[in-house]
Amino acid sequence: GLYEAMRECFLKAGVRPVIGQEARSKHTIAALAAAGLGIGLVPQSTASARRKGLVYRPIADPFPRVEIFLVWQQGAAQGAVLRGFVHMAQEFAAW
């Protein structure tokens, strides 16, 4: 997962981060950073919000890649929304 990939990147760079608090929610990560309690990694969508008092910087390649999956209920009706979402995902995915 992403956690393991990031840990490996730090180790390869010779950096051993001191982790005092971990958060899964992008909003919690931003709030902890805003409170001065550390730094975090957030998706571009969170950075687009540009919360006051925070600095956002993109991370250049090589950045760890993780697999993500499209998931929906088995046997779900193939309605227009689902078909459209799958079509859009196929345009960006390697499947």
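Quick caveat: nothing in here was measured; it's all calculated off a predicted structure. (Residues numbered from 1 in each chain as written. Predicted model: local features only at pLDDT ≥ 70, side-chain atom pairs only at ≥ 80, totals over all residues. Heavy atoms only, no water.)

**So, the overall build of the protein**
Right, on to step 1. If you tally the helices and strands in the protein, you get four helices and zero strands.
Right, on to step 2. Secondary structure elements of the protein occur, N-terminal to C-terminal, as α-α-α-α.
Right, on to step 3. Looking at the protein as a whole, 13% of its 95 residues are labelled buried.
Right, on to step 4. A fraction of 26% describes how many contacts in the protein between residues 6 or more apart in sequence connect residues 24 or more apart.
Right, on to step 5. For the protein, the accessible area works out to roughly 8,600 Å², and carbon and sulfur atoms hold 58% of it. (Helix = DSSP H or I, 4+ residues; strand = E, 2+ residues; numbered from the N terminus. Buried < 20%, exposed > 50% of the residue type's maximum accessible area, 1.4 Å probe, protein only. Contact = heavy atoms within 4.5 Å. Areas by Shrake-Rupley, 256 points an atom, 1.4 Å probe, with all protein chains shown as cover.)

**Thoughts on the confidence of the model for the protein**
Right, on to step 1. Mean pLDDT for the protein: 78, with 86% of residues reaching 70 or above.
Right, on to step 2. Across the protein, element-level confidence peaks in helix α2 (residues 26-34) with a mean pLDDT of 87 and bottoms out in helix α4 (residues 80-92) with 75. (pLDDT = per-residue confidence, 0-100.)

**Things to note about the environment of L70**
Right, on to step 1. By the secondary structure assignment, L70 is in the loop between α3 (44-49) and α4.
Right, on to step 2. Taking the relative accessible area as the measure of exposure, L70 reaches 28% and is therefore partly exposed.
Right, on to step 3. When the C-alpha atoms of L70 and Q90 are compared, they prove to be 9.9 Å apart, with 20 residues separating the residues in sequence.

**A few points about the layout of surface pockets**
Right, on to step 1. In this structure, the largest pocket encloses a volume near 1,800 Å³.
Right, on to step 2. I29, I39, G40, L41 and V42 are, among the 35 residues lining the largest pocket, the residues nearest its centre.
Right, on to step 3. Sorting the residues of the lining of the largest pocket by element identifies α1 (2-12), α2 and α3 as the ones contributing at least two each.
Right, on to step 4. At six residues, α1 tops the list of elements feeding residues into the lining of the largest pocket.
Right, on to step 5. Partitioning the lining of the largest pocket into residue classes produces 25 nonpolar, five polar and five charged. (1 Å grid on protein atoms, 1.4 Å probe; cavity = no way out; pocket = protein on both sides within 12 Å on 5 of 7 lines; lining within 4 Å. Points joined across faces, edges and corners; volume = space filled by probe spheres on them. Nonpolar A, V, L, I, M, F, W, Y, C, P; charged D, E, K, R; others polar.)

**So, the environment of A23**
Right, on to step 1. Take A23: it is sitting in the loop between α1 and α2.
Right, on to step 2. For A23, a relative accessible area of 27% translates into the label partly exposed.
Right, on to step 3. C-alpha of A23 to C-alpha of G40: the two residues are 17 residues apart in sequence and 9.0 Å apart in space.
Right, on to step 4. Beyond its immediate stretch of four places on either side in the chain, A23 contacts T28, I29 and L32.

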